[in-house]
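Now for the letters of each chain:
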Amino acid sequence: MKKIIVEGLKYKYPLADSLALNDVTFDIKQGEFIGIIGKNLAGKSTLCQALVGLVPHFYKGAYGGKVIVDGLEVKNHSIADLSLKVGMVFQNPFTQVTGSKTTVYEEIAFGLENIGIPRTEIIERIDSVLDLLNIEQVKDHNPFDLSGGQMQRMAIASIIAMKPDILVLDEPTSQLDPAGSEEVFQAIQSLSKQGITVILAEHKMEKIAQYCDRVLLLNNGKVVDFDTPGKIFSREDLEGYGLTAPVYTRVCKALGVKKAGTDEYPVTLEEAERVLRGDGA
Amino acid sequence: MIKIANLSFSYNKETRVLSGINLEFDRRSTAIIGQNGAGKTTLVKLMKGLLKADEGKILIHEHDVSGKTAAQLARTIGLVFQNPNDQIFKRTVLDEVMFGPLNIKMDKQTAKEKAIEALKMVELDDKLEMNPHDLSLSEKKLLCIASVVAMDTDIIIFDEPTIAQDHGGKEKIRQIIQALKDKNKLVMTIIHDMDFVAENFERTIVFNDGQVLLDGETRDVFSQKELLKTACVEAPGITKLAERLGFKDTVLTVDEFINMKKTYSPPQ
Amino acid sequence: MKSISLYEEKASFVHDVDPITKLWYIPFAILIPIILPSFTISFLFIGLSLVLLLGAKVIRKTIPVFGFVFLILITVVLIQGMFKPENETVLFQIGPLTMYKEGLLFALTITLRVINIICAFMILVLTTKPSDLVEALVRKGMSPRIGYVIVSVFQIIPEMMATMSTITDAQRARGMETEGKLLVRIKAFIPLLGPVVLGSLINTKERAMALEVRGFNSQAPKTYLYEEKTYQFSKVLQIGMLLLTMAAVSWRIFL
């Protein structure tokens, strides 16, 4: 089942000279884990925001083409309506804290209160997301007192509590230390396993290779390719788009060893280990 | 160049951020790694005179930092903060880079020369008259680096230079660090990107819970698997791969890996 | 987390009173002494407020506030006591300074008013969690957006202070002297404004987006995590205050 359909999407920010997204077309199936890669200003954030309606409703600007998320055409629905279908987590954990709540528990309730969920259900939902993202132990802390990793998991919990089927994340770990990033990726993966469709923009290619089913490669607002991590990272022209493949792929490329029976290079630590062991035998 | 003896610091009475730090820095480029909250930034702020130690001493070029203000120390030690938006004060790129040199009483002509030289390094010398806030985030970060480089200090410290940089941005930062090393300056960085550490820094110090857990040649540090785990730090990807394949020596770069692979065949 | 709220969490009967009722108490305590301008009434209200503050165990927190207020009131007393144009009756003399009865009585009226107002406000501020007050008002029909703005100020201002100190560090790191004489401090303050304003604008934009995707502008009727607190005697207290005010007005008009 197609969960997201993007057709000929064009978008220009107000005051900008050039298109931020230029004729973007792709679709995503229910339950897929999709990575978006591309150098800075390639259009990753804009595309993420187009999926939740911030583009065009928040920024205005010139908009063409179609984005259909779970049956709703983004252009014709408010951000609040869309938020029931698709949630978004941003880069900076700090600015996602509402600032109007004094505990993590209340913070997560914020969105649920806004969309009018009955009280008893609010409590059930909060208890379940606290457990899901493993932040139960800090539920009574002030949101601003959390570590970056905890704060970002709280942000995800706040979104997940609204029960969207689709989760969009824009470089959610760029401000976190490796341990914090790992916590967040583990949490996203467990959501993905529960059937939530995940779309993740990220610079850390090793993580993309490890977690994503398919990868969307953007350059100058256009889709260059949309394929499995193996196919994408085996491309010879990645550097031309300002990207480097995961270190495992680079080393195997240099040694000229591909995955058995395919035209692809390994993209994860495990794959590289397997291939390189086999190679020596 | 820097000597730290028995240094301790706490923001409030209950929690000690740093305790009993003893370190000496020579001209080797040094990466400081460890989890958030391990005390890395606090150490840097102490060296810079932005905080005052509870106990212990820091000597820079044999001078005790405790007697000097941060502004006085700015002549010897430069620090690039993590968030560019916190440190851009002027309206044009050129003025921004000249801000530091003028503060430390360089004359205008020299300040301008140093500024342009630094801007060339980060390839922003064609944008002298632009408003810094019209630059992209990664350009702003490079601008902030240039504005510290222009002060021509003996010691330069970076706080998370590679955050939110794409491949191109990282490549530029790598070149700047190399150029500073060539000028015989002490380059230090706080960083979470281990691949970048492995490829660019001679010495690595691992902080954990306000103490130095590991300190030495980067290669030796990344071979200490168990201790790294204690500090919640992972070795670079290529190092892990080599280790899994049973390579005898610790590998830091792709080139090293390839060389070693040629002379080695894995156990059957 | 530092908060700029003065609220102190304690268990007392004053804490248990409905925030709205405490809000009502402020105009009540201010209006009656104006309607019935006698020292007895003023003293009565100040006495009542002080008893409530004592009962709430927050009297300690009022000391710095009163300290500041007294400093100002002393100047009022001195100036009025010595220089009020209507001054006639000499009360006493200290060296060359003469204090007059008319001026001092006038100063006493002002002093009592000010203390009365401050007491009434402090009962609300010191014993009510800001978010409880706002939630109560939103339930009564205030716009949730205005409510959000009021509550978030309490947390976002301390956050901005933290940014300020980072920016000052960045200045000092680049050789700018920020310590020492007043002039030096003022000079250091000006370049601070750019990054502070810009930083908070960027934060505001990011936060606005984060709020949007959490249904901030949803048309659905809002619900609440906490059950509406039911307070005893709210109605009785509110009606009581209304009746007393009406009684005071009629006393003034008819007697």
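Here, every reference points to the structure presented above.
What you see is a predicted model; the values in this text were computed from it and never measured.

Observations concerning the packing of helix α5 (residues 130-139) of chain C against helix α6 (residues 144-173) of chain C
All names here are of chain C. Their axes nearest at 10 Å, the elements α5 and α6 cross at an angle of 175°. Accordingly, the angle class assigned to the pair α5 and α6 is roughly antiparallel. Residues Pro130, Ser131, Val134 and Val138 of α5 pack against Pro144, Gly147, Ile150, Val151 and Phe154 of α6. Grouping the amino acids of the contact of α5 with α6 by side-chain chemistry returns seven nonpolar, two polar and no charged.

Comments concerning the sheet that holds strand β3 (residues 30-33) of chain B
Whenever strands of a sheet pair, they do so through backbone hydrogen bonds, lying parallel or antiparallel. Residues and elements named next belong to chain B. With mixed pairing, six strands are arranged side by side in an open sheet as β6-β7-β8-β3-β9-β10. Edge positions in the sheet fall to β6 (77-80) and β10 (211-217), since each has one partner strand and no second. Across the sheet, the mean angle from the axis of one strand to that of its neighbour is 15°, orientation sign disregarded. Bridge count for β6 against strand β7 (residues 155-159) is four bridges, and the pairing is parallel. Looking across to β7, one finds that Ile77 is bridged to Ile155.

Quick notes on the nonpolar core
Residue and element names in this part refer to chain A. The biggest cluster of nonpolar side chains holds 94 residues, and the ones touching the most others in it are Ile108, Ile156 and Phe233. If you tally residues by element for this core, the top one is helix α6 (residues 148-160), at seven residues. Apart from residues no more than four positions distant in its own chain, Ile156 is found in contact with Val89, Leu133, Leu167, Leu169, Val184, Ile188 and Leu191.

Re the interface of chain B and chain C
Every contact between the two is made by 25 residues of chain B and, on the other side, 17 residues of chain C. Looking at the side of chain B facing chain C, the largest losses of area belong to Phe81, Asp86 and Phe89 of chain B, adding up to 30% of the total buried there. Linking Glu96 of chain B and Arg174 of chain C is a salt bridge whose minimum nitrogen-to-oxygen distance equals 2.9 Å. Applying the counting rule to chain B against chain C returns five residue pairs in polar contact (both at pLDDT 80 or more). If you list the elements that add at least two residues to the side of chain B that touches chain C, you get α2 (70-73), β6, α3 (93-103) and α5 (137-149) of chain B. For the side of chain B that touches chain C, the leading source of residues is α3 of chain B, giving four residues. When the residues that make up the side of chain B that touches chain C are grouped by side-chain class, the tally is 13 nonpolar, eight polar and four charged.

Quick word on the pattern of salt bridges
Residues and elements named next belong to chain A. Under the defined criterion, the tally for this structure stands at 46 salt bridges over all chains. Between Glu182 and Lys207 there is a salt bridge, with its nearest N and O atoms 2.5 Å apart. With Glu182 in helix α7 (residues 178-193) and Lys207 in helix α8 (residues 205-211), the pair connects residues that are 25 residues apart, well separated along the chain. Glu182 sits in the partly exposed class, given a relative accessible area of 23%.

Topic: the interface of chain C and chain A
Across the contact, 31 residues belong to chain C and 44 residues belong to chain A. Where chain C abuts chain A, roughly 3,200 Å² becomes buried across the two surfaces, and 58% of that area is made up of carbon and sulfur atoms. Considering only the surface of chain C that becomes buried against chain A, Val213, Arg214 and Leu225 of chain C emerge as the three largest contributors, covering 27% of it. Inspection of the region where chain C meets chain A yields three salt bridges. The residue Arg119 of chain A makes a salt bridge to Glu227 of chain C at a minimum N-O spacing of 3.4 Å. For the side of chain C that touches chain A, the element with the highest residue contribution is helix α7 (residues 182-212) of chain C, accounting for nine residues. Its residues placed into classes, the side of chain C that touches chain A shows 15 nonpolar, seven polar and nine charged.

Criteria and cut-off values
- Sequence positions are assigned chain by chain, starting from 1 and proceeding in written order.
- Lettering of chains starts at A and numbering of ligands starts at 1, both following the order in which they are written.
- Local features in a predicted model are, by the rule used here, given only for residues with pLDDT of at least 70; side-chain atom pairs are given and counted only at 80 or more, and totals for whole chains, interfaces and linings are based on all residues.
- Side-chain measures were taken over the full set of non-hydrogen atoms in the model, leaving aside hydrogen atoms and water.
- Axis geometry follows a simple rule: fit a line to the C-alpha atoms, using only the stretch in contact for helices, then measure angles between N-to-C directions, giving values from 0 to 180 degrees.
- By the criteria applied, helices consist of DSSP H or I runs no shorter than four residues and strands consist of E runs no shorter than two, each listed in order from the N terminus.
- Throughout this description, any angle smaller than 35 degrees is read as roughly parallel, any larger than 145 degrees as roughly antiparallel, any in the 65 to 115 degree range as roughly perpendicular, and the remainder as oblique.
- Should any heavy atoms of two residues lie within 4.5 Å, those residues are counted as being in contact.
- Side-chain classes follow a simple rule in which Ala, Val, Leu, Ile, Met, Phe, Trp, Tyr, Cys and Pro form the nonpolar group, Asp, Glu, Lys and Arg form the charged group, and the remainder, Gly included, forms the polar group.
- When DSSP finds at least two bridges between two strands, those strands are taken to pair.
- As used in this record, nonpolar core signifies buried Ala, Val, Leu, Ile, Met, Phe, Trp, Tyr and Cys residues forming a set joined through side-chain atoms within 4.5 Å.
- Burial classes: relative accessible area under 20% of the type maximum marks a residue as buried, over 50% as exposed, and values in between as partly exposed (1.4 Å probe, protein chains only).
- When two components associate, each loses some accessible surface as probed by a 1.4 Å sphere; the sum of these losses over both components is called the buried area.
- Here, a salt bridge means any Lys or Arg side-chain nitrogen found within 4 Å of an Asp or Glu carboxyl oxygen.
- Think of a polar contact as two N or O atoms within 3.5 Å of one another; within protein, one of them needs to be a possible hydrogen donor and the other a possible acceptor, and neighboring residues in sequence only count if both atoms come from side chains.

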